[in-house]
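Residue-level structural notes
The lines below spell out each chain.
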Amino acid sequence: MLKKIEHLGIAVKSLESAREFYERVLGFTCQGVEDVPGQKVRVAFFSCGETTIELLEPTDAESPVAKFLEKKGEGFHHVAFHTDDIHAELAHAKSEGARLINETPTTGAHGKQVAFLHPATSHGLLIEFCGKK
Ligand code: ZN
């Protein structure tokens, strides 16, 4: 079962520049910056109430986020839902006809297991399942 929104993912060209905006204009404090080699991104986290905002900067031209930026520019990228059982959630989504980007979970930020559903079968939204470590 998907229990809450784990975070909202925003694609940016420059983490440095975007982070400065989130801190100076919006008044957030950066909770940390982390490289996620599996997704070829560097991420920065900000908390807003119970919601986490994740800024993503590609670290490689082959990063899916680099391709997203080329096609669509900066902006909203994905919503991540927390689940206690990512394998069951993936199996359920697949059995219901969703296209999986990751058939098996990969390692995301904070060492958590993550997997993505393709926007083609999610009404245009890139969906991330975010499990435990
Ligand atoms: Zn994410």
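Above this note sits the structure.
The text that follows walks through the structure, step by step, so that each part is easy to find. Here the residue numbers are simple positions, counted from 1 along each chain's written sequence. Restriction of local features to residues with pLDDT of at least 70 applies here, the model being predicted, together with a cutoff of 80 or more for giving and counting side-chain atom pairs; totals for whole chains, interfaces and linings are based on all residues. Side-chain calculation: all heavy atoms of the structure are included, whereas hydrogens and water are not.

1. Regarding the coordination of the zinc ion
Water is absent from the atoms considered, so a metal site may look incomplete; donors are defined as N, O and S atoms within 2.8 Å of the metal, or 3.2 Å for Na, K and Ca. Protein coordination at the zinc ion comes from His7 (NE2), Glu54 (OE), His78 (NE2) and Glu128 (OE), with a distance range of 2.0 to 2.4 Å. Labels for metal geometry use angle windows, namely 85 to 135 degrees for all angles of a four-donor tetrahedral site, and for square planar (four donors) or octahedral (six donors) sites opposite donors over 155 degrees apart plus all others within 65 to 115; sites meeting none of these are irregular. Between the 4 donor atoms coordinating the zinc ion, the angles at the centre fall across 85 to 168 degrees, so the site counts as irregular. One chain supplies every donor to the zinc ion, and in sequence these donors are spaced H-x46-E-x23-H-x49-E. Of this pair, His7 sits in strand β1 (residues 2-11) while His78 is found in strand β5 (residues 75-83), placing the two residues 71 residues apart along the sequence. Here a strand is any run of E in DSSP of at least two residues, a helix any run of H or I of at least four, and the numbering for each starts at the N terminus.

2. What to know about the side chain of Asn102
Looking at the secondary structure, you find Asn102 in the loop between α3 (86-95) and β6 (106-107). Pairs of residues are marked as contacts when any of their non-hydrogen atoms sit within 4.5 Å. Ignoring any residue separated from it by four or fewer positions in sequence, one finds Asn102 in contact with Leu90, Ala115 and Phe116.

3. What about the layout of surface pockets?
Of the pockets and cavities examined, the largest pocket occupies roughly 640 Å³. Top contributing element to the lining of the largest pocket by residue count: helix α2 (residues 64-72), with 6 residues. Of the residues contributing to the lining of the largest pocket, the split by class is 17 nonpolar, 10 polar and 7 charged. Definitions used for this entry: grid spacing 1 Å over protein atoms alone; cavity, a set of points where a 1.4 Å probe fits but cannot get out; pocket, an open set with protein on both sides within 12 Å along at least 5 of 7 lines; lining residue, one with an atom within 4 Å of a point. Grid points are joined across faces, edges and corners, and a volume is the space filled by probe spheres set on the points. Each residue gets one of three labels, nonpolar for Ala, Val, Leu, Ile, Met, Phe, Trp, Tyr, Cys and Pro, charged for Asp, Glu, Lys and Arg, and polar for the others, Gly among them.

4. Focus: the side chain of Glu128
Turning to its location among the elements, Glu128 is positioned in strand β8 (residues 126-130). Buried means the residue's accessible area, taken with a 1.4 Å probe over protein chains only, is under 20% of the maximum for its type, while exposed means over 50%, and partly exposed covers the values in between. Under this rule, positive means Lys or Arg and negative means Asp or Glu; His and the chain ends count for nothing. One speaks of a salt bridge when a side-chain nitrogen belonging to Lys or Arg is within 4 Å of a carboxyl oxygen belonging to Asp or Glu. Despite its burial, Glu128 remains without a salt bridge, the nearest opposite charge being carried by Lys112 at 8.9 Å. For Glu128, the side chain forms a polar contact with the side chain of His78, separated by 2.8 Å. Sequence-distant contacts of Glu128, defined by excluding residues within four places in its chain, comprise His7, Glu54, His78, Val79, Ala80, Phe81, Val114, Ala115 and Phe116. Here a polar contact means two N or O atoms within 3.5 Å. Within protein one must be a hydrogen donor candidate and the other an acceptor candidate, and residues neighboring in sequence count only if both atoms are side-chain atoms.

5. Some details on the sheet that holds β6
Here we have 8 strands laid out as an open sheet, ordered β2-β3-β4-β1-β5-β8-β7-β6, and mixed in their pairing. Lying at the two open borders of the sheet, with one neighbouring strand each, are β2 (30-36) and β6. Paired strands, in this sense, are two strands between which DSSP finds at least two bridges. When strand β3 (residues 41-48) meets strand β4 (residues 51-58), the two strands line up antiparallel, connected through 8 bridges. In the strand pairing of β4, Ser47 is matched with Thr52.

6. Re the packing of aromatic side chains
Between the rings of Phe, Tyr and Trp (Trp by its six-membered ring), a pair exists once the centres lie within 6.5 Å; its type follows the angle of the planes, with under 30 degrees stacked, over 60 edge-to-face, and the other angles tilted. Tallied over the full model, the rule gives 3 aromatic pairs. Centre to centre, the rings of Phe21 and Tyr22 are 5.8 Å apart; their planes meet at 75 degrees, and the pair counts as edge-to-face. Judged by its relative accessible area of 39%, Phe21 is partly exposed. Looking at Tyr22, the relative accessible area reads 14%, which means it is buried. Between Phe28 and Phe46, the aromatic rings sit 6.5 Å apart at their centres with planes inclined by 50 degrees, giving tilted as the arrangement. Here Phe46 lies in strand β3 and Phe28 lies in the loop between α1 (15-24) and β2, a separation of 18 residues in the sequence. Feature note: the residues Phe21, Tyr22, Phe28 and Phe46 constitute an aromatic cluster, connected by ring pairs.

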